[in-house]
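Coordinate inspection notes
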Amino acid sequence: MPHRVARRATAIVGVPMALWWLQPWKLLIRTTADESLPQGAQTTCCGEFTGHIHRTSGVVRLLTLGDGAQILRLENLHATLGPRLRVWLSDTPVDHASFPWRKFAHSTHIDLGRLRANRGNADYVVPTGADTDALRSVVLWCERFSVSFGAAQLRPLIQ
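Most peptide bonds take the trans configuration, and most residues that are not glycine carry a negative phi. Notably, asparagine 76 is not glycine yet its phi reads approximately 50 degrees, a positive angle. Checked against the element boundaries, asparagine 76 lands in strand S4 (residues 70-79). Given a relative accessible area of 58%, asparagine 76 falls into the exposed group. Phi angles above zero are rare outside glycine, and arginine 84 is one such case at about 55 degrees. Structurally, the position occupied by arginine 84 is in the loop between S4 and strand S5 (85-90). Owing to a relative accessible area of 45%, arginine 84 belongs among the partly exposed residues under this scheme.

Okay, the packing of aromatic side chains next. Inspection of every chain in the model, using the stated rule, returns 1 aromatic pair. Seen in terms of ring centroids, tryptophan 88 and tryptophan 141 are 4.7 Å apart; in terms of plane orientation they differ by 20 degrees. Their pairing is stacked. Linking tryptophan 88 in strand S5 with tryptophan 141 in strand S8 (residues 137-142), this pair joins segments that are 53 residues apart in sequence. The exposure classification of tryptophan 88 matches that of tryptophan 141, with both residues buried. Lying across the ring of tyrosine 124, arginine 116 places its NZ or CZ 4.2 Å from the centre.

Moving on to the nonpolar core. Formed by 29 residues in total, the largest nonpolar core has its most connected members in Leu72, Leu74, Val87, Leu89, Val138 and Leu140. No other element matches the 4 residues that S4 contributes to this core. Not counting residues up to four positions away in its chain, the partners in contact with valine 87 are Leu72, Leu74, Ile110, Asp111, Leu112, Gly113, Leu115, Tyr124, Val138, Val139 and Leu140. Counting residues in hydrophobic clusters, the runner-up holds 6 residues, among them Val94, Val139, Trp141 and Ala151.

Applying the stated criterion across every chain, the model contains 6 salt bridges. Of the charged contacts in the structure, one is a salt bridge between arginine 116 and glutamate 35, with a shortest N-O distance of 3.0 Å. Residue arginine 116 is found in the loop between strand S6 (109-114) and strand S7 (119-126), and its partner glutamate 35 is found in the loop between strand S1 (32-34) and strand S2 (42-51); the two are separated by 81 residues along the sequence. The class for glutamate 35 is partly exposed, based on a relative accessible area of 29%. Residue arginine 73 is joined to glutamate 75 by a salt bridge in which the shortest nitrogen-to-oxygen separation is 2.8 Å. Each of the two residues, arginine 73 as well as glutamate 75, counts as buried. Several salt bridges share partner residues, and in doing so they unite Arg61, Arg73, Glu75 and Asp123 into one network.

Calculation notes
- Residues numbered from 1 in each chain as written.
- Predicted model: local features only at pLDDT ≥ 70, side-chain atom pairs only at ≥ 80, totals over all residues.
- Heavy atoms only, no water.
- Helix = DSSP H or I, 4+ residues; strand = E, 2+ residues; numbered from the N terminus.
- Buried < 20%, exposed > 50% of the residue type's maximum accessible area, 1.4 Å probe, protein only.
- Phe/Tyr/Trp six-rings, centres within 6.5 Å; stacked < 30°, edge-to-face > 60°.
- Lys NZ or Arg CZ within 6 Å of the ring centre and 35° of its normal.
- Core = buried A, V, L, I, M, F, W, Y, C linked by side-chain atoms within 4.5 Å.
- Contact = heavy atoms within 4.5 Å.
- Salt bridge = Lys/Arg side-chain N within 4 Å of Asp/Glu carboxyl O.

Structure follows, in structure tokens:
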């Protein structure tokens, strides 16, 4: 009898806690952004996403506006939504090493905010004074599990 009560109590408390922590329903959610390209923006760097822990595709462009401000633009993004996903500019290069999704955890990075949509086109403002020459990759970082969902290596545009 005491074991039955303990199992029920564990199920009553444990299952909701596990669901809250894992948020598995986010794997099924599709959110879309369709922000237009800022007027007069010049592309300085670009790259393509590669999936890490989840399939991720799309293009990343680092844009410079007429006033010198910089914007990171995610275009044609197609990614899995997850708990507490952030957009990072990182100094760690993207490669196909073993377990690449963990290597960004200790990188120097700038957090550009939460991922607003897992489909479409979205712009993220890069803080004024950020050394984007040293930060050459973009990472979709899951704070909850400390893993990269996907990343893109930024390469200078040859003009």
